[in-house]
Amino acid sequence: MTALLTVEDLTVDLKVGDEMRTVLKQVSFSVGEGQTVGLVGESGSGKSMTVRAVSRLLPEGAAVTGSVRFGDRDVLDLRGDALRRYRASDVAMVFQDARAHTNPVRRIGDFLTEAMILNGKTGRRQAEATAVELLEAVGVHDAERRMRQYPHELSGGLLQRVMIAASVAARPRLILADEPTTALDVTTQAEVMAILKRMQQEYGMAMLFITHDLELAGSICDETVVLYAGEVVEQQRSAQLHRDPLHPYTAALVQARPDIHRRSERLLSVPGHPTTAYEAPAGCAFAPRCRFAQDRCRAEKPALEALDAAGLSRCLRADELRGALLAPVEAAADPVPATGLAAGPADEEATR
Amino acid sequence: MTSTTAIATARPAARTPRLRILPGIGITGQIAFWTVIAVALLAAIGPMFVQVDPNAVDLEYAYYPPSPWYPLGADASGRDILSRLIVGSRTALLGPLAVVTMATFLGTLLGLVAVWFGGWVDATIVRVIDAIFAFPGILVAILATALFGPGLLAATIALAIAYTPYIARIVRSAALRERNLPYISALQVQGRHGFAISARHILPNVSGLIVANATLCFGLALIDLAALSFIGFGVQPPTADWGAMVGGGMSGILQGEPGEALAASLLIVITVAAVNTLGDRLVQRSENRA
């Protein structure tokens, strides 16, 4: 499989007031032709920033080093027409909040046909016919009528379908999906996901899929990249992620999801709170929240290393912990008892 | 605050639905709107009904009192005041219209360019705008007439430049707010050209505010141009113009014949008051909607 998108050592610093804050640290991964790669992490882990770097939508004043390559082009070097061509025909983006990402005073039809007409390849009639076909392809009934409606007249799920239709209209080679289903309710979520996946397969597009839903990533992605505090902490085949996590963070996330076959008083959570890249401690960024952390974890910075053929992990103890990461939490020695894992009066006091 | 105005405007809306061409500007706004329409009609079709030559001098009829032949009397040169007011409305209104059209075009262009390119382009435009803003419009216009000779053209162009910063500032701030909305990045990531996004999405979404502020500028420009004509730098005799008529009628005031100056001033006041009220209401309306 040839790599379509290659991100290498991508480091992004954002300007906050007078200081530069690191949001991404040497992130590397690649997306092959037709492949689906998931980017998983908590809020602030840098997953959206990664996609923004790929689509060149980083805020003004952002300092970017490393490289983003699309085919044989260096995305970070694209300017003017070349950048517009790259955005118009090579990548497309599906956003989390479809409503905020559509001009509220333009009809759905205008939204879908404007690009086609402006590119000068099609006339209005042809563009409208294409738009109706696209809407029908993403499961929008009554497409003719929808074309004449405004975004506020459509439900969130419907509008997200319109977004998907718009993004695949130019037959891009890569779709960047930034939590496309997070703002939707669960049943709509499943439908929209199915449509996105179907369109992707039909058109043979690659997809970079951002989510904080490990389950979802596991079910639709070929490969999953787990981000923590702006760094890749684990990367491996999605199918393996749940059974054989390579990093304690991924393991903690896997254990945090509710299991229908298990009764428990209280849902497990990862203790502590998420860290952003710029406030990460000197050693392993996850060490303060890790139940396997030792002194050397807090002192030494782990590198992202390959674990045989399974994948990559950024953990000093990855080898020795392999297979033991999913051990029941109750049995393990709990390093920080009062921060969420153990229920008790002290904890309730703290949350009040 | 917003809710009380909404209630206040909602009631008459229900009572007089047929008059509501522009909803949401209140009853005062409606009165102002129709006054502006009336003045515009006066300038547009009024001169067609004028039978008397407004420039015909007849010194025998100097300061002739109002009568069937001279409905509003005659001025110091025996010219019919009413026909001069009607014919003069064209110069009085076309001047500010030209000023506002040019200033709006230039200001909108500058504002949109500043917002889209940002960075040093934005900084430069803002500095230039601030520099022009420092000069009062009337001063620039007097300077222009001093350089290029008295007349409407030089004054109009000078005022247009002087008014550009008003519009440019407002367009810039409104467009900046619009540009930072997520839908603009969505368009950008579809590979749209910045000009297309600015012209097809940002501009239409801030156009309400532009029209409203252009209306306000119209009133100000009308006063400035009338003042210029009043002091003799604007419209030159014998062309009829409201400002020039106030100036010409000054000697009449001293001789106890204030009719000409009064009538012309009254029209200026009514027009400016109506235009400014309408502009105010339009600004409020577009801010309420934003």
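Below: a short report on this structure. (Residues numbered from 1 in each chain as written. Chains lettered and ligands numbered in written order. Predicted model: local features only at pLDDT ≥ 70, side-chain atom pairs only at ≥ 80, totals over all residues.)

1. Some words on the overall build of chain B
1) Next: Within chain B, the regular secondary structure consists of eleven helices and zero strands.
2) Next: Put simply, chain B has 290 residues, and 46% of those count as buried.
3) Next: Partitioning the intrachain contacts of chain B with sequence separation of at least 6 by distance along the chain shows that 65% fall at a separation of at least 24. (Helix = DSSP H or I, 4+ residues; strand = E, 2+ residues; numbered from the N terminus. Buried ≥ 20, exposed ≤ 12 C-beta atoms within 10 Å, placed from the backbone. Contact = placed C-beta atoms within 7 Å.)

2. Observations regarding the interface of chain B and chain A
1) Next: The interface of chain B with chain A comprises 14 residues on the first partner and 17 residues on the second.
2) Next: Those elements giving two or more residues to the side of chain B that touches chain A turn out to be helix H7 (182–189) and helix H8 (194–230) of chain B.
3) Next: Of all the elements, H7 of chain B adds the most residues to the side of chain B that touches chain A, at six residues.
4) Next: The class makeup of the residues in the side of chain B that touches chain A is five nonpolar, eight polar and one charged. (Nonpolar A, V, L, I, M, F, W, Y, C, P; charged D, E, K, R; others polar.)

3. Things to note about the packing of H8 of chain B against helix H11 (residues 259–289) of chain B
All names here are of chain B.
1) Next: At a minimum axis separation of 8 Å, H8 and H11 run at an interaxial angle of 160°. With respect to their mutual orientation, H8 and H11 come out roughly antiparallel. Judged by the sense of rotation from one axis to the other, the crossing of H8 with H11 is left-handed. Contacts between H8 and H11 involve Gly208, Leu209, Val211, Ala212, Asn213, Thr215, Leu216, Phe218, Gly219, Leu222, Ile223 and Ala226 from the first element and Ile268, Thr271, Val272, Val275, Asn276, Leu278, Gly279, Leu282, Val283, Ser286 and Arg289 from the second.
2) Next: Of the residues assigned to the contact of H8 with H11, the class counts are 14 nonpolar, eight polar and one charged. (Axes fitted to C-alpha atoms, helices over the stretch in contact; angles between N-to-C directions. Parallel < 35°, antiparallel > 145°, perpendicular 65-115°, else oblique. Left-handed = near helix turned anticlockwise from the far one by under 90°.)

4. Structural notes on helix H6 (residues 152–179) of chain B
All names here are of chain B.
1) Next: With 28 residues, H6 should cover 40 Å at 1.5 Å per step; its first-to-last C-alpha distance of 38 Å lies within 8% of that length.
2) Next: Its axis deflected by about 30° at Tyr163, H6 carries its strongest bend there, up to four residues before the proline Pro165.
3) Next: H6 sits mainly inside the fold: 20 of its 28 residues count as buried. (Expected span 1.5 Å × (residues − 1). Bend = angle between axes of the 7 residues up to and from the residue.)

5. With respect to unusual backbone geometry
All names here are of chain A.
1) Next: Even without being a glycine, Asp9 presents a positive backbone phi close to 50°.
2) Next: A positive phi angle is found at Ala229, which is not glycine, with a value near 50°.
3) Next: On the secondary structure map, Ala229 appears in the loop between strand E9 (223–228) and strand E10 (231–237).
4) Next: C-beta crowding within 10 Å serves as the criterion here: with 26 such atoms nearby, Ala229 is assigned to the buried category.

6. A word on the sheet that holds strand E5 (residues 73–74) of chain A
Residues and elements named next belong to chain A.
1) Next: Taking strand neighbours across the sheet as the criterion, the four strands line up as E2-E1-E4-E5 in an open arrangement whose pairing is antiparallel. Since the sheet does not close on itself, it has two edges, and those belong to strand E2 (19–32) and E5, each with one partner.
2) Next: Bridge analysis of strand E1 (residues 3–16) against strand E4 (residues 63–70) gives seven bridges, and the strand direction is antiparallel. Opposite Thr6, over in E4, you have Arg69 as the bridge partner. (Pairing = 2+ DSSP bridges.)

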